[in-house]
Structure formats: structure tokens, C-alpha cells
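Report on the structure
In case you want the letters, here they are:
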Amino acid sequence: MKTLVVHLLVFLSFLLTQTIAARELGPEELVRKVTADVLDTIKADKQLQAGDRKKVLALVEQKVLPHVDFREATMLAVGKSWYAASPAQQARLVSEFRSMLVRIYASAIDVYRGQTMKTLPVRLAPGATEVTVRNRYLKQGRPPVPVEYAMRRTPEGWKIYDISVEGVSLVLTYRAEFEQITRTSGVDGLIKRLSERNA
């Protein structure tokens, strides 16, 4: 009986793994789904359209943040100093940078009210672990706004680690500033500065 239970558990865990793998969205589909969900939610909610900050932050937390690799984004923004930081310092950097990016993403959502989105096809090589997904945000009477999502495959599926708007990387924008702070004040100085910004 015990052997039967063990076999059943192994079989069920195999089925669960297969179901999750089958459900995993590719990078193009994931970006299309997330951006469409966000735009549709804004379109259907008068408070979001009016710029209700609390609702915008909740929308970002629910729809966007689960698909962002904050560790990779922080590592990219911090640069060489990341490798000199202790695990505890790295955890604090990720936490503080995440809080800062949440505010930035929340502000950015307001810009895309009333727009539609077109995701360009992605050529993904077999076994690729990194890819860039390109979107165009369209609004009548205005030129399209190109937005690129740098993504990597993680054990949890594809995650976004950087967003570039009109060729400007959100994450890399901070690297020069962060490197200057760590040069003069060390990693703890950078953590302190990020914490002050988020306060």
C-alpha cells in the first residue's frame, strides 16, 4: 500500500510539472498578455483613468510585478559593486530597488491610458535564455512609442529584467549614479540613499 501511495504521489507531481510547463507562456505571449491586461483594466476602471494612486499601485503589484526579475534588474543597475556586496546587502538592495521601480512603473501606467498596443513578432532560438520583446504603443494622432522588454528564462518562467522606452533603459539609467554613490559611500551608502528615496 505504501509503495502504491509513493507511486501515486510521484505520478501526480509529474502531472503537475507537465501541466505547469504546458501553461508557461513564451516571452512574446507573456508581454502581450500582461500589457493587454493592464490596458484593459485601466480602460474598464474610472478610478484608474482618473489616476487614483492607490489603485494604480495595486494594479502594478497584481499584474506587473509577478513577471519582473528584481534581482537581475538590481544586479544590472548596481554593476560591479553588486559582487562586493554581502548576501544581506544584496537582499536590501533588491528590496529598495524594487520599491523604487514600483513607483516608476505606477507613474508610467498613467502615460499609457487611452493607447493600444502592438507586440512585434519575436524570433526565439531553441534553448535561448534571453530575449527582447518589442512593443509599439499607439495613440491616434501621435507617433508610436517603442517599448522593449529585456527578458530571461528563470525556473518560474520568463521574467522581465529591464524595460527600454524609446531606446532608454530604465535599469541602466541608474547605473552611473549608483556606481558613483558606491565609489564614495560604499554599498551601505547606496542602500541608505535608496531607502531615503523610498521613504
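Refer to the preceding data block for the structure.
The sections below set out a description of the structure shown in this document. Everything quoted here is computed from the prediction, not taken from an experiment. (Residues numbered from 1 in each chain as written. Predicted model: local features only at pLDDT ≥ 70, side-chain atom pairs only at ≥ 80, totals over all residues. Heavy atoms only, no water.)

The next point concerns the overall build of the protein. Regarding its fold elements, the protein presents 8 helices and 5 strands. The order of α-helices and β-strands along the protein, N terminus first, is α-α-α-α-α-α-α-β-β-β-β-β-α. The buried share among the 199 residues of the protein stands at 38%. Sequence separation of 24 or more characterises 55% of the internal contacts of the protein that already satisfy a separation of 6 or more. (Helix = DSSP H or I, 4+ residues; strand = E, 2+ residues; numbered from the N terminus. Buried < 20%, exposed > 50% of the residue type's maximum accessible area, 1.4 Å probe, protein only. Contact = heavy atoms within 4.5 Å.)

Taking 1.5 Å per residue, 24 residues should reach 34 Å; helix α8 (residues 175–198) reaches only 18 Å between its end C-alpha atoms and comes up short. Along α8, the sharpest kink reaches roughly 125 degrees, centred on S185. Those residues of α8 not exposed but buried are F178, I181, T182, V187, G189, L190, I191 and L194. (Expected span 1.5 Å × (residues − 1). Bend = angle between axes of the 7 residues up to and from the residue.)

We now examine the packing of helix α5 (residues 70–78) against α8. Helix-helix packing is described using two parameters, namely the angle between the two axes and the distance between the axes. For the pair α5 and α8, the least separation of the axes is 9 Å and the interaxial angle reads 95 degrees. By the criterion of interaxial angle, the relationship of α5 to α8 is roughly perpendicular. Two secondary-structure elements touch here, α5 through L76, A77 and V78 and α8 through R175, F178, E179 and L190. When its residues are assigned to classes, the contact of α5 with α8 shows 5 nonpolar, no polar and 2 charged. (Axes fitted to C-alpha atoms, helices over the stretch in contact; angles between N-to-C directions. Parallel < 35°, antiparallel > 145°, perpendicular 65-115°, else oblique. Nonpolar A, V, L, I, M, F, W, Y, C, P; charged D, E, K, R; others polar.)

As a further point, take the pairing of strand β3 (residues 145–154). Both strand β2 (residues 130–138) and β3 contribute to a ladder of 8 bridges, which runs antiparallel. Of the residues in β3, the one forming a bridge with R136 is P146. The turn linking β2 back onto β3 is made up of 6 residues, and G141 within it adopts a positive phi angle of 85 degrees. In this structure, β3 lies alongside strand β4 (residues 157–165), joined through 8 bridges in antiparallel fashion. Bridged to R153 within β4 is W158. (Pairing = 2+ DSSP bridges.)

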